[in-house]
Amino acid sequence: MKMNCFKSSTKVLFFIFILGISYRLHAQNTPQQNTQTKNNLTKKSAFWQHVQFGGGFGLNVGSGYTDVTIAPSGIYNLNHYVSLGAGIQGSLVSSSNEYVSTIFGASLITLFNPADEVQFSLELEETNVSTTYQLIAENVKTNFWNTGLLVGAGYRMQNIVVGARYDLLFDKNKSVYSDALMPFVRVYF
């Protein structure tokens, strides 16, 4: 049962990722038909020059615990230092012989780049969590919403950022995450 849940969640996350990439490619291939359309496209191009698509990938593993997250997103670069954006995410969380959770949600993100190699982030995340607890007699299912306020820091290498983020609203008894501190890899094109 775990493997089927993992396979179906992986397919959904892969589809969302491909959808985001195809949208980016389609936006760059808009045909120009006449002068008026060309002028409108030039105005749009000025906007799209500040937009980047990409997202993040998270992996949190421990003794019998796995959390894999894929989070495609888009950002708008206000200037060289500040970017604002939004994204969606999907996760599969599993604890050996205890539970399996699928998590889907959305987030708003602010990125701050004080130097070329440093990036700080602030994310507000709202996720829906569906969990199946594996008990001896029967499986018990729960479904709830979780809010996270995550601050992060990372090392930036052009379009790639590797770092960690910390959930300020983390409560071990109520949070979807096993730990408040989570590593991430974030990429924007």
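Residues numbered from 1 in each chain as written. Predicted model: local features only at pLDDT ≥ 70, side-chain atom pairs only at ≥ 80, totals over all residues. Heavy atoms only, no water.

1. Overview of the overall build of the protein
- Counting its regular elements, the protein contains two helices and eight strands.
- Tracing the protein from N to C terminus, the helices and strands come up as α-α-β-β-β-β-β-β-β-β.
- In the protein, which comprises 189 residues, the share counted as buried stands at 34%.
- The long-range share in the protein, meaning contacts at least 24 apart out of those at least 6 apart in sequence, stands at 48%.
- Carbon and sulfur atoms make up 62% of the accessible area of the protein, which amounts to about 11,700 Å² in all. (Helix = DSSP H or I, 4+ residues; strand = E, 2+ residues; numbered from the N terminus. Buried < 20%, exposed > 50% of the residue type's maximum accessible area, 1.4 Å probe, protein only. Contact = heavy atoms within 4.5 Å. Areas by Shrake-Rupley, 256 points an atom, 1.4 Å probe, with all protein chains shown as cover.)

2. Observations concerning a nonpolar patch on the surface
- Together, F57, L59, V61, Y155, M157, I160, V162 and V185 make up an exposed nonpolar region whose accessible area comes to about 690 Å².
- Top contributing element to the nonpolar patch by residue count: strand β1 (residues 51-62), with three residues.
- Within the secondary structure, F57 sits in strand β1.
- Assessed through its relative accessible area of 41%, F57 is described here as partly exposed. (Patch = residues over 30% accessible without salt bridge, like charges linked within 9 Å, V, L, I, M, F, W, Y side chains within 5 Å. Salt bridge = Lys/Arg side-chain N within 4 Å of Asp/Glu carboxyl O.)

3. Observations concerning the nonpolar core
- Counting residues in hydrophobic clusters, the biggest one holds nine residues: Y65, V93, Y99, I103, V129, L150, V176, Y177 and M182.
- Setting aside anything within four residues of it in sequence, one finds V176 in contact with Y65, I103, T127, V129 and N146. (Core = buried A, V, L, I, M, F, W, Y, C linked by side-chain atoms within 4.5 Å.)

4. Some remarks on the environment of M157
- Residue placement: M157 occurs in strand β6 (residues 139-157).
- Exposure remark for M157: the relative accessible area of 38% places this residue in the partly exposed category.
- As for M157 and Q119, which are separated by 38 residues in sequence, their C-alpha atoms are 9.9 Å apart.

5. Observations regarding the sheet that holds strand β4 (residues 99-115)
- Reading around the barrel, the eight strands line up as β1-β2-β3-β4-β5-β6-β7-β8 and close back on themselves, with antiparallel pairing between neighbours. Strand after strand, the sheet turns through a mean of 25° between neighbouring axes, direction not considered.
- Here four bridges tie β1 to strand β8 (residues 181-188), and the two strands are oriented antiparallel to one another. Residue pairing for β8: F57 is matched across the bridge by V185. (Pairing = 2+ DSSP bridges. Axes fitted to C-alpha atoms, helices over the stretch in contact; angles between N-to-C directions.)

6. As for unusual backbone geometry
- In this model, N97 sits at a positive phi of 55°, which is unusual for a non-glycine residue.
- Tracing the chain through its elements places N97 in the loop between β3 (82-95) and β4.
- Residue N97 is classed as exposed on the basis of its relative accessible area of 64%.
- Phi is positive for Q158, which is not a glycine, with a value near 55°.
- With respect to the element layout, Q158 can be found in the loop between β6 and β7 (160-167).
- On the basis of relative accessible area, Q158 is assigned to the exposed category, the value being 73%.

7. Here's the deal with the pairing of β6
- For strand β5 (residues 118-134) and β6, the ladder comprises 17 bridges, and the chain directions are antiparallel. Paired with N128 across the bridge in β6 is W145.
- Linkage of β5 to β6, two consecutive antiparallel strands, is achieved through a turn of four residues.
- In the sheet, β6 pairs with β7 via eight bridges, with the strands oriented antiparallel. By the bridge assignment for β7, V151 is matched with Y166.

Worth remembering: the numbers are spatial, not functional.
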